[in-house]
Protein chains: 2
Amino acid sequence: MSAIWALCAALLVQPASAEDGYDLWLRYQPLPPAQRGIYAPSAAQLVMPATSPTLVAAKEELLRGLNGLLSQAPATSERVSKAGALLVGTPQSNPQVAQLDLGLKGLTPQGYVLRQRRVDGHPTLVIAANDDVGVLYGVFHFLRLLQTQQPVDKVDVSESSRIQLRMLNHWDNLDRTVERGYSGASLWDWHKLPDYVDPRYTDYARANASLGINATVLTNVNANAMALTPTYLHKAEALAKVFRPYGIRVYLTARFSAPVEIGGLKTADPLDPQVQKWWQAKAAEIYKIIPDFGGLLVKANSEGQPGPQDYGRTHADGANMMADAVKPFGGTVIWRAFVYSNEQPDDRAKQAYDEFVPLDGKFRDNVLVQVKNGAIDFQPREPFHPLFGAMPKTPLAMEFQITKEYLGFATHLVYLGTFWEEVLREDTYRPRKGSTVAKIVDGTVHNYARTAIAGVANVGVDRNWSGSQFDQANWYAFGRLAWNPMLSSKDIAEEWLRMTFSNDPKFVEPALGMMMKSHEAVVDYMTPLGLHHLMGRGHHYGPGPWVEGGPRADWTSVYFHRADANGIGFDRTRKGSDAVSQYAPQVAAVFNDVKRIPEKFLLWFHHLPWDYRTKSGRILWDELVYRYTRGVDTVREMGKTWQSLAPLVDSQRHAEVAAFLKIQEQEAKWWRDASIAYFQTFSKRPLPSGFAPPEHSLDYYKSLEFPYAPGHH
Amino acid sequence: MSAIWALCAALLVQPASAEDGYDLWLRYQPLPPAQRGIYAPSAAQLVMPATSPTLVAAKEELLRGLNGLLSQAPATSERVSKAGALLVGTPQSNPQVAQLDLGLKGLTPQGYVLRQRRVDGHPTLVIAANDDVGVLYGVFHFLRLLQTQQPVDKVDVSESSRIQLRMLNHWDNLDRTVERGYSGASLWDWHKLPDYVDPRYTDYARANASLGINATVLTNVNANAMALTPTYLHKAEALAKVFRPYGIRVYLTARFSAPVEIGGLKTADPLDPQVQKWWQAKAAEIYKIIPDFGGLLVKANSEGQPGPQDYGRTHADGANMMADAVKPFGGTVIWRAFVYSNEQPDDRAKQAYDEFVPLDGKFRDNVLVQVKNGAIDFQPREPFHPLFGAMPKTPLAMEFQITKEYLGFATHLVYLGTFWEEVLREDTYRPRKGSTVAKIVDGTVHNYARTAIAGVANVGVDRNWSGSQFDQANWYAFGRLAWNPMLSSKDIAEEWLRMTFSNDPKFVEPALGMMMKSHEAVVDYMTPLGLHHLMGRGHHYGPGPWVEGGPRADWTSVYFHRADANGIGFDRTRKGSDAVSQYAPQVAAVFNDVKRIPEKFLLWFHHLPWDYRTKSGRILWDELVYRYTRGVDTVREMGKTWQSLAPLVDSQRHAEVAAFLKIQEQEAKWWRDASIAYFQTFSKRPLPSGFAPPEHSLDYYKSLEFPYAPGHH
């Protein structure tokens, strides 16, 4: 009885409208009164003529933010007339901005400054830029300072991005399924577009603009030609119209065989004049409907997609043909380097490099080649892709995967900022020491005229947008790193936690600890020591180290782990597939040398005996068991930490995260137990003492089937 | 410039948290102060011991409602001690209820009373029932009175439903697609169940309980045997646990061949002892996991589904075998009568009757046969199914379709209450005048021991639940009519409008007008005068009167309209397929006689020449054109009416409805134009003067393709 009454009481105190995560990091909840008191004098007046849709959006956001955070909006004025004014705009939009020396000249497009200045004698906080989108970004920056309770009275910020295109790639299909999507159906309600425009599209644009994301590819790289038909172009235009004020341009994926499928031609040969004409006409048609259309993203001759090689042409032939078509309209072609073929007997990890390096210098100047962070496929951890640094004459875009295809889907708490930072910091040594991946991608090393970072989106119609509360952090971290690849993933995580949950250090510190160790944990319980591609076949849900057979060797697990009675690992040394030689000599020397290679990549490059002595002193088999177990333990600890934070988090979001952490713990254990049970059939060794045996038999784990795992269509 | 400023101003006044429809008809927004003043004295104190999870839910709802509507909750007390108390409970849960003579004896299960009584000398409003779910229903009834601003000071209500099972049928698949679903993916997140229980499941249960819906079939009638495996039963159990306090029992669909597919048997023959044993064991397994499991819904030998006829057995053999399996646990089998076969050359409309009538009396007492409202398939309008009244010894459940498969999907505003009322009021004349469909279904006529009304759900993850704001009204109307099939659809619509939008008569009256004429409009612009089944093939989106060929004649349009140079319509008279003779003689005489048949069913039963003179004086061809056009005109008027209501509706919901009405108008015109263009090729007649010709050529309409129309998988 008393338990029921307690339940009843608990239910009754809950607020009517619970926090569900929809507001993302833009919650603008009232700050503590003391903090409001500190900020109020710096927002006493607003001078911000809104002379364009972008400035209207910026002004609306600023007032929404101030109304929320400070529980009051400043009075608007035509000129600064008192202390604590906010002066916002471009030299064109705002005469008083034009009169100030703000250091705007050095900014790249969409860059901005926040400066404290005296204007007509009044202390004034200035948010200014050369272009309207920069002003919008500056407004978001200012609000972020307030949300994270940073001082603004001496603010002196100048922000410019070296990355021109900061893009989301949506792998969204026209039937609203999302390939590798774990956050519900596609946001794009194609059936009701263009006539019904969901207000949510605006919130999507706001979230992206708050991070500086300025490009979105609406459709799946496994493309459908129908997306380029007038019907769908008009639907895309309705989205472009919503995104335009927020500085976001729309891109589409182009199916290489579209001239055949929707054009009625007999060929899609890029050297065929009729094909070229078809793409030119298609480009003209697109730009007539969407004048600021960004361009085309293409996956060709990869995993069964059509491409120029079907006609004996090269990737450059294909890309250039499309580039010529969009060039007159200022369009860009982004050509993916994620290619491999099962007819090719060589190590799959080597194929993209082998195909693309010879093409360096052969692409038109409006082509970018988009390279995944690693050479296999978005594994929990991969060494950086050897293409970075190897194509000095071809702008290379980075492709990260925000959606957690190989990382436990929506329910596993895995903060990816640390992993992306790790990749961006790697030194390619091309042409010399210090040529980090970040400096390749941002154009510093090779003076690329074009730069881009793309992320495969994790956004869907789930109320929390990303499938889980903490997956929002990956969208956030991607955007922040795309703006500035030199940022610290830890700083980003802290910023996100403060905006999304709480500024209370009693919350921030433990939650930050969870995030910062979360990637290492998933690597431990899924693929420790450089193991990779061991997930369930097709859907990639759960462990499948036993996957073999089927249509393609390079779609099996046994191809990648190569476990046998003697040992485990893929020999990519000079004695093996020699993938190491695709790296600069300084890097290759490290990867090739079992003594020098970081242990995190050990089995990526080396096949080693079960009793190989690792740095811990444990033999390889014991070290594997140790790491699998450590991963599970870390997740269990994360769960405990989260439980302890219950008083500091609203109940609905706390409960969701807690439930997911419990699922993660179960699945981490499943990964550990299944992997150990399987690899033990090769190692024939007992578990080290103190380590529990797998809960079930190997046959049990192999018997599990998940035909309806999400994200697989 | 000034336009931009105006836009800016408009944006800034919008409330932070817009109304999006999530709260359905349970919004509990504050009543006007005067109205609050009237109600406050009747809610001065709450005496409601909550001794069960259901009573906790009821109490929570009551306090949530009062907190919202009156902006204050009553003080709780152990006994009535002042005027204006609310005394709530059962005689078991609440001693003061037990002392009153409230007329509880005559109630059916889950029935309730609302009475004004003096308790210990204090005027008291009593909400009481014999069981806890009845109390919950009574609470919702009380809140509805407040929401619709009805007087409560003299309230004297006794509510009992004659329909025992008021069910939703979800056609939801395990991959979260929904067959004929137009409101986003399935609510059931199977992948995360049972470990993650979305709080939305509780809101779903609340909405259903507010209407008296007490059963939900979680899975598609085109069933997947995997839903009966332990993995999925545990997922279903997690949902059952959420729904239980709200009086809702969970059902599943059973694939007839499950013993083969998941049981490892070689046959699913219902007379095979091994098969019988398998189902008995399966039933035991289900009830061990879900002790209050409702039962099984079965679609067998219909549209390619397996069934007893595969083994030369009858529907009764199949149903009884399953009924015997669930009987020891109190389970029910609901067997669908929606059967037809393309090997059968006879009129598809006749087949269910022909198959099922001979089986009357042969079903076990825990079997219901579920019959669609009409004999074809949820057409915009159909005559009532001839099975109603024809199976006196077999309880027949009514199956309505709430989701708008043949009715324009989510964007067409079509209130179905009027149509369902029309069907329920039809007189079967079996065995005598006055034997309406409602009285067959509620058991009055044949003394059925079991009664049920089922609705194919229109609920999905869309924020507004049903795909559109006005589609919520169909969920609502279904629930209200399932509770009491004698209710007026107009009263229901008004009730819903008041709860969902506004009590302002300036809003209610015009909006009610829109709803009340909306069904007639869709019949006009899609299938006037008894035409039927003319939609696009497969997805049923848009007009497809030209659909012919393909695997089955009865899946084409030409099978149903039979237009030729001489005329149009399906001859189901005694001279034709003689479907009329499946009705009682009094009904058959009317349907058979072209002079007596209501014109709304004219071409359903008669093939008539193009120059046949209709009641309006127009020849048939002209009348068709007139009605198609009238349908479009009505939708245009609805759009204008809605525009005029803008000041009375919150902006987000107003904009959504307005956009949808615009789509509906375009699509109504498309229906009209395509249908006229097509039928004109037979009639060879000009349009009557003053009627615009179709906008495009027939070839244009025929060329349109919609491979990604929603709801079709």
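About the thresholds
Every chain is numbered on its own, with residues counted from 1 as its sequence reads. All chains are assigned letters beginning with A, and all ligands numbers beginning with 1, in the order in which they are written. Per-residue local features of the predicted model are confined to residues with pLDDT of at least 70, and side-chain atom pairs are confined, for both listing and counting, to 80 or more; whole-chain, interface and lining totals are unaffected and use all residues. Calculated side-chain values reflect all of the structure's heavy atoms, with hydrogen atoms and water omitted. Helix and strand definitions here come from DSSP, where helices need a minimum of 4 consecutive H or I residues and strands a minimum of 2 consecutive E residues; each element is numbered from the N-terminal end. The cut-offs for exposure are 20% and 50% of the maximum accessible area for each residue type, with area from a 1.4 Å probe on protein chains only; residues under the lower value are buried, those over the upper are exposed, and the others partly exposed. Whether two residues are in contact is decided by their heavy atoms: any pair within 4.5 Å suffices. For every accessible area listed, the method is Shrake-Rupley and the probe measures 1.4 Å; residues are considered covered only by the protein chains on display. Positive charges come from Lys and Arg alone, negative charges from Asp and Glu alone, with His and the N- and C-terminal ends not counted. The atom standing in for a charge is NZ when the residue is Lys, CZ when it is Arg, CG when it is Asp and CD when it is Glu. The axes used here are C-alpha line fits, helices contributing only the stretch in contact, and every angle between their N-to-C directions lies in the interval 0 to 180 degrees. Working definition: roughly parallel below 35 degrees, roughly antiparallel above 145 degrees, roughly perpendicular at 65 to 115 degrees, and oblique for all remaining angles. For any helix crossing, the convention is left-handed if the near helix is rotated counterclockwise from the far helix by under a right angle, and right-handed if that rotation is clockwise. Classification convention: Asp, Glu, Lys, Arg as charged; Ala, Val, Leu, Ile, Met, Phe, Trp, Tyr, Cys, Pro as nonpolar; all other residues, Gly among them, as polar. When two parts are brought into contact, each loses some accessible area as probed by a 1.4 Å sphere; the total of that loss over both is the buried area. Here, a salt bridge means any Lys or Arg side-chain nitrogen found within 4 Å of an Asp or Glu carboxyl oxygen. Polar contact is defined as a pair of N or O atoms within 3.5 Å, subject to the rule that within protein one atom must be able to donate a hydrogen and the other to accept it, and that residues adjacent in sequence are counted only when both atoms are side-chain atoms. When the copies are superposed, the least-squares fit takes in the C-alpha atoms of residues with a pLDDT of at least 70 in both. An automatic or database domain assignment is the source of the domain bounds shown. Side-chain rings of Phe, Tyr and Trp, where Trp is taken by its six-membered ring, are said to pair if the distance between their centres is within 6.5 Å; with planes under 30 degrees apart they count as stacked, over 60 as edge-to-face, and otherwise as tilted. A ring has a charge above it when a Lys NZ or an Arg CZ is no more than 6 Å from the ring centre and no more than 35 degrees off the ring normal. Note on pairing: two strands pair once DSSP finds at least 2 bridges between them. UniProt positions are given in the numbering used here, feature names are shortened, and annotations may be inferred rather than shown by experiment. A helix is expected to span 1.5 Å for every residue after the first.

## Points about the overall build of chain A
Next up, step 1: Looking only at helices and strands, one finds 22 helices and 16 strands in chain A.
Next up, step 2: Here the C-alpha coordinates of chain A stretch approximately 80 × 80 × 50 Å along the principal axes.
Next up, step 3: Going through the 713 residues of chain A one by one, you find that 63% of them count as buried.
Next up, step 4: Counting only contacts in chain A whose residues sit at least 6 apart along the sequence, the fraction spanning at least 24 positions is 72%.
Next up, step 5: Looking at chain A as shown, the accessible area adds up to about 24600 Å², and 52% of this sits on carbon and sulfur atoms.
Next up, step 6: Taking the average place of the 75 positive charges on the side chains of chain A and the average place of its 75 negative ones, the gap between the two points comes to 3 Å.

## Quick word on the packing of helix 15 (residues 489-500) of chain A against helix 16 (residues 505-526) of chain A
Residue and element names in this part refer to chain A.
Next up, step 1: Between helix 15 and helix 16, the least distance of the axes is 10 Å, while the angle of their chain directions is 130 degrees. On the basis of the axis angle, helix 15 is oblique to helix 16. Judged by the sense of rotation from one axis to the other, the crossing of helix 15 with helix 16 is right-handed. Packed against helix 15, whose contacting residues are Ser489, Lys490, Ala493, Glu494, Trp496, Leu497 and Arg498, the element helix 16 presents Phe507, Val508, Ala511, Leu512, Met515 and Met516 at the interface.
Next up, step 2: Here the residues of the contact of helix 15 with helix 16 sort into nine nonpolar, one polar and three charged.

## Some thoughts on the interface of chain B and chain A
Next up, step 1: The interface of chain B with chain A comprises 43 residues on the first partner and 43 residues on the second.
Next up, step 2: For the pairing of chain B and chain A, the buried interface totals around 3600 Å² over both sides, and the portion due to carbon and sulfur atoms is 71%.
Next up, step 3: Counting across the interface, chain B meets chain A through zero salt bridges.
Next up, step 4: Applying the counting criterion to the chain B and chain A interface returns two residue pairs in polar contact (both at pLDDT 80 or more).
Next up, step 5: Elements with a minimum of two residues in the side of chain B that touches chain A: helix 1 (2-13), helix 3 (53-69) and helix 21 (651-683) of chain B.
Next up, step 6: Counting residues per element, the side of chain B that touches chain A draws most heavily on helix 21 of chain B, at six residues.
Next up, step 7: Class assignment of the residues belonging to the side of chain B that touches chain A gives a composition of 26 nonpolar, eight polar and nine charged.

## Digging into unusual backbone geometry
Next up, step 1: Residue leucine 193 of chain A is joined to proline 194 of chain A through a cis peptide bond whose omega torsion reads 0 degrees.
Next up, step 2: Relative to the assigned elements, proline 194 of chain A resides in the loop between strand 7 (165-169) and helix 6 (200-211).
Next up, step 3: Of note, the phi angle at leucine 24 of chain B is positive, near 55 degrees, even though the residue is not glycine.
Next up, step 4: Checked against the element boundaries, leucine 24 of chain B lands in the loop between helix 1 and helix 2 (33-39).

## Digging into the side chain of aspartate 524 of chain B
All names here are of chain B.
Next up, step 1: When you line up the elements, aspartate 524 lands in helix 16 (residues 505-526).
Next up, step 2: Given the relative accessible area of 3%, aspartate 524 is considered buried.
Next up, step 3: Among all residues touching aspartate 524, those that are not within four sequence positions of it are Arg627, Tyr628, Arg630 and Gly631.

## Comments concerning the relation of the copies chain B and chain A
Next up, step 1: The two copies are related by a screw operation: chain B maps onto chain A through 180 degrees of rotation and 0.0 Å of translation along the axis, at an RMSD of 0.0 Å. Such a turn and shift between the copies fits a two-fold axis. It is alanine 185 of chain B whose C-alpha, among those of chain B, lies nearest the rotation axis, at 3.5 Å.
Next up, step 2: Taken together, the interface assignments show that 100% of the residues at the interface of chain B recur at the interface of chain A, consistent with an identical surface on both copies.

## Here we look at the domain arrangement of chain A
Residue and element names in this part refer to chain A.
Next up, step 1: Domain boundaries assigned for chain A yield domain 1 (24-159), domain 2 (165-500) and domain 3 (524-570 + 607-703).
Next up, step 2: Computed from C-alpha atoms alone, the centre-to-centre distance between domain 1 and domain 2 is 32 Å.
Next up, step 3: With 22 residues of domain 1 in contact, the opposing surface of domain 2 contributes 24 residues.
Next up, step 4: At the boundary of domain 1 with domain 2, total buried surface from both sides reaches about 2100 Å², with 59% on carbon and sulfur atoms.
Next up, step 5: Taken as a group, Leu24, Trp25 and Arg144 account for 38% of the area that domain 1 buries against domain 2, more than any other trio of residues on that side.
Next up, step 6: For glutamate 61, the salt bridge identified is with arginine 206, shortest N-O distance 2.7 Å.
Next up, step 7: Our enumeration of links across domain 1 and domain 2 arrives at nine residue pairs in polar contact (both at pLDDT 80 or more).
Next up, step 8: Contributing elements (two or more residues each) for the side of domain 1 that touches domain 2: helix 3 (53-69) and helix 5 (132-147).

## Details of the packing of helix 7 (residues 230-243) of chain A against helix 9 (residues 273-289) of chain A
Pairs of packed helices are described in terms of their axes, by the angle between the two and the distance that separates them.
Residue and element names in this part refer to chain A.
Next up, step 1: Orientation of helix 7 relative to helix 9, taken along the N-to-C sense of each, is 35 degrees, at an axis distance of 9 Å. For the element pair helix 7 and helix 9, the recorded crossing hand is right-handed. Mapping the contact onto sequence places Pro230, Leu233, His234 and Glu237 in helix 7 and Glu285, Ile286 and Ile289 in helix 9.
Next up, step 2: Looking at side-chain class alone, the contact of helix 7 with helix 9 contains four nonpolar, one polar and two charged residues.

## Section: helix 12 (residues 417-425) of chain B
All names here are of chain B.
Next up, step 1: The buried fraction of helix 12 amounts to eight of the nine residues, a majority that puts the element mostly inside the structure.
Next up, step 2: All of the buried residues along helix 12 are Gly417, Thr418, Phe419, Trp420, Glu421, Glu422, Val423 and Leu424.
Next up, step 3: On its buried side, helix 12 packs onto strand 13 (396-401), helix 13 (437-441), helix 14 (472-483), helix 15 (489-500) and helix 16.

## Focus on the environment of aspartate 120 of chain A
Residue and element names in this part refer to chain A.
Next up, step 1: The topology assignment puts aspartate 120 in the loop between strand 4 (112-119) and strand 5 (122-129).
Next up, step 2: Distance from aspartate 120 to tyrosine 353, taken between C-alpha atoms, is 60 Å for residues 233 residues apart in sequence.
Next up, step 3: Once you skip the residues sitting within four places of it in the chain, aspartate 120 turns out to touch Arg79, Val80 and Gln96.
Next up, step 4: A distance of 3.5 Å separates the side chain of aspartate 120 from the side chain of glutamine 96, its partner in a polar contact.

## Some remarks on the packing of aromatic side chains
Residues and elements named next belong to chain B.
Next up, step 1: Applying the stated rule across the entire model yields 92 aromatic pairs over all chains.
Next up, step 2: The lysine or arginine in question, arginine 348, covers the ring of tyrosine 340, its NZ or CZ lying 3.7 Å from the ring centre.
Next up, step 3: Across the ring face of phenylalanine 338, the terminal group of lysine 372 is positioned such that the distance to the ring centre comes to 3.2 Å.

## A look at the sheet that holds strand 10 (residues 295-298) of chain A
Residues and elements named next belong to chain A.
Next up, step 1: If you trace the eight strands once around the closed barrel, you get 7-8-9-10-11-12-13-14, paired in parallel fashion. Each adjacent strand pair in this sheet contributes to an overall mean axis angle of 25 degrees, direction not counted.
Next up, step 2: In terms of strand pairing, strand 7 meets strand 8 (residues 215-217) through three bridges, oriented parallel. Residue pairing for strand 8: asparagine 169 is matched across the bridge by valine 217.

## Remarks on the sheet that holds strand 13 of chain B
Residue and element names in this part refer to chain B.
Next up, step 1: Around the barrel, eight strands lie side by side as 7-8-9-10-11-12-13-14; this closed barrel has parallel pairing. Between one strand axis and the next, the sheet turns by 25 degrees as a mean value, whatever way the strands run.
Next up, step 2: Summarising the sheet, strand 13 and strand 14 (residues 452-456) pair through four bridges and their orientation is parallel. The residue bridging glutamate 399 from the neighbouring strand is alanine 454, located in strand 14.

## Focus on the UniProt feature "domain: Alpha glucuronidase N-terminal" (unreviewed entry) in chain A
Next up, step 1: In the numbering used here, UniProt assigns the "domain: Alpha glucuronidase N-terminal" (unreviewed entry) feature to residues 24-142 of chain A.
Next up, step 2: Helix makes up 33% of residues 24-142 of chain A and strand 22%, whereas the separation of the span's terminal C-alpha atoms amounts to 17 Å.

## Brief notes about the pattern of salt bridges
Residues and elements named next belong to chain A.
Next up, step 1: Counted by the stated rule, this structure contains 86 salt bridges over all chains.
Next up, step 2: One salt bridge in this structure joins aspartate 471 and lysine 404, with 2.8 Å as the shortest N-O distance. Of this pair, aspartate 471 sits in the loop between strand 14 (452-456) and helix 14 (472-483) while lysine 404 sits in the loop between strand 13 (396-401) and helix 12 (417-425), and the two are 67 residues apart along the sequence.
Next up, step 3: Residue aspartate 471 is classed as buried on the basis of its relative accessible area of 3%.
Next up, step 4: With relative accessibility at 2%, the residue lysine 404 sits in the buried group.
Next up, step 5: One continuous salt-bridge network, built from bridges that share partners, spans Glu19, Arg27, Asp650 and Arg653.

## Quick word on helix 6 (residues 200-211) of chain B
All names here are of chain B.
Next up, step 1: When the terminal C-alpha atoms of helix 6 are compared, their 17 Å separation across twelve residues agrees well with the 16 Å that a helix rising 1.5 Å per residue should span.
Next up, step 2: Listing the buried residues of helix 6 in full gives Arg200, Tyr201, Asp203, Tyr204, Ala205, Arg206, Ala207, Asn208, Ala209, Ser210 and Leu211.
Next up, step 3: Residues of helix 6 that are buried make contact with helix 3, helix 5 (132-147), strand 7 (165-169), strand 8 (215-217), helix 7 (230-243) and helix 14.
Next up, step 4: Glycine 212 sits one or two residues past helix 6 and shows a positive phi near 90 degrees.

## Considering the side chain of threonine 54 of chain B
Residues and elements named next belong to chain B.
Next up, step 1: Its place among the elements puts threonine 54 in helix 3.
Next up, step 2: Judged by its relative accessible area of 10%, threonine 54 falls in the buried class.
Next up, step 3: Threonine 54 has contacts with Asp132, Val133, Leu136, Arg244 and Pro245, leaving out every residue within four places of it along the chain.

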